[in-house]
Amino acid sequence: MSSVKLLKIKKYLNENLSKKFITSSQTLYFFLVLFILKANEDLRFCVNYQKLNVIFKRNKYSLLLINEIIDKIVNCKHLTRLNIISAFNKLQMHLNNKNYITFITALEAYKYKMLLFKLINELIFFQQYMNDILWNFLNDFCQVYLDDILIYSKTKNKHRDHVKLVLSWLREAELQLNIQKYEFNVEKTVFLEVIVSELDLCMNLSKVIVIVSWITSINLKEI
């Protein structure tokens, strides 16, 4: 293993040990570490859990369809969009399952203590977690899709109260907002890649520009 990869491993382990996201493991079974080359040519630390995902039982709960969420927002003039940061770390792995996600490095074997993006069902578990936190407000004046939250109201006074309620419940749950991804009391915003306003819903052009500008094929070779 190259010295660059060894430094990446050591940095990753130090960061996650200090945050108490991982702990050493003595189990006899483990998964291997691999590195993925990012767009900026840096290396991303990853663990290959493909074989584990094959035997995991899938949760049958399905995430809401985008149109089911958006339909409830029509005719609301005041919108606030929030984004939760680092919330996945709030979900802990069951004590009996932690050994299953042990990974081995050139230094030692470790296991994660919190839920991982790399495992199946993690998005569903997180959606259920957010639904539980904001249950009293869902489909009334609030919608949540994973770490994105939209608060919608027909009047300014009601909107102020709605935002305060949601923020207070998020604070109670010790969830932090991403200050780079929020909009307070706006008439138009982007939620789930859809541009939302009081009178209209439309796709975010920046997300469909490739399709819009697609050149029509003129022969079989181009198809």
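Note that this is a predicted model, so its numbers are computed, not measured.

Rules behind the numbers
- Residues numbered from 1 in each chain as written.
- Predicted model: local features only at pLDDT ≥ 70, side-chain atom pairs only at ≥ 80, totals over all residues.
- Heavy atoms only, no water.
- Phe/Tyr/Trp six-rings, centres within 6.5 Å; stacked < 30°, edge-to-face > 60°.
- Helix = DSSP H or I, 4+ residues; strand = E, 2+ residues; numbered from the N terminus.
- Buried < 20%, exposed > 50% of the residue type's maximum accessible area, 1.4 Å probe, protein only.
- Patch = residues over 30% accessible without salt bridge, like charges linked within 9 Å, V, L, I, M, F, W, Y side chains within 5 Å.
- Areas by Shrake-Rupley, 256 points an atom, 1.4 Å probe, with all protein chains shown as cover.
- Salt bridge = Lys/Arg side-chain N within 4 Å of Asp/Glu carboxyl O.
- pLDDT = per-residue confidence, 0-100.
- Pairing = 2+ DSSP bridges.
- Core = buried A, V, L, I, M, F, W, Y, C linked by side-chain atoms within 4.5 Å.
- Contact = heavy atoms within 4.5 Å.

**Student:** Any chance you could explain the packing of aromatic side chains here in plain terms?
**Tutor:** The way to describe two aromatic rings as a pair is by their centre distance and the angle between their planes. All told, the structure shown has eight aromatic pairs when counted by the stated rule. Plain terms: the ring middles of Tyr 12 and Phe 45 are 3.9 Å apart, the flat faces sit at 15 degrees to each other, and that makes the pair stacked. A residue pair is termed long-range when its members are at least 10 positions apart, and Tyr 12 in helix 1 (residues 3–18) and Phe 45 in strand 3 (residues 43–47) qualify at 33 residues. Accessibility assignment for this pair places Tyr 12 and Phe 45 in one class, buried.

**Student:** Can you help me understand a nonpolar patch on the surface in this one?
**Tutor:** Side chains of Ile 209, Val 210, Ile 211, Val 212 and Trp 214 sit close together on the surface and give an oily, nonpolar patch of about 570 Å² of accessible area. Looking at the secondary structure, you find Ile 209 in helix 6 (residues 205–212). The exposure class of Ile 209 is partly exposed, given its relative accessible area of 40%.

**Student:** Sorry, what's going on with the confidence of the model for the chain here?
**Tutor:** Reading predicted coordinates in detail is not appropriate for stretches of low pLDDT. Confidence in the prediction for the chain averages 80 pLDDT; 86% of positions are at 70 or higher. No element of the chain has a lower mean pLDDT than helix 3 (residues 66–70), which averages 68, and none a higher one than helix 5 (residues 156–172), which averages 92.

**Student:** What is the right way to look at the pairing of strand 7 (residues 142–145) in this model?
**Tutor:** Successive side chains on a regular strand alternate, one facing one side of the sheet and the next facing the other. Burial of the side chains of strand 7 extends over both faces: Cys 142 and Val 144 are buried on one face and Gln 143 and Tyr 145 on the other. As judged from the four bridges shared by strand 7 and strand 8 (residues 148–153), these two strands associate in the antiparallel manner. Pairing of Val 144 across the sheet is with Ile 149, part of strand 8. The turn joining strand 7 and strand 8, which pair antiparallel and follow one another in sequence, is formed by two residues; a positive phi near 60 degrees is taken by Leu 146.

**Student:** Could you clarify how one ought to interpret the nonpolar core in this entry?
**Tutor:** Nonpolar side chains in soluble globular proteins tend to be buried together. Counting residues in each nonpolar core, the largest one holds 51 residues, and the members touching the most others are Tyr 112, Met 130, Leu 134, Ile 149, Val 166 and Leu 170. Once you skip the residues sitting within four places of it in the chain, Leu 170 turns out to touch Leu 82, Ile 84, Met 130, Ile 133, Leu 134, Ile 149, Leu 175 and Leu 177.

**Student:** Would you mind showing me how to read the pattern of salt bridges here?
**Tutor:** Evaluation of the coordinates by the stated rule reveals one salt bridge. Measuring nitrogen to oxygen at the nearest pair gives 3.2 Å for the salt bridge that ties Arg 81 to Glu 183. Of the two residues, Arg 81 is situated in strand 4 (residues 78–85) and Glu 183 in strand 10 (residues 183–186); the sequence distance between them amounts to 102 residues. In this structure Arg 81 comes out as buried when scored by relative accessible area, which is 17%.

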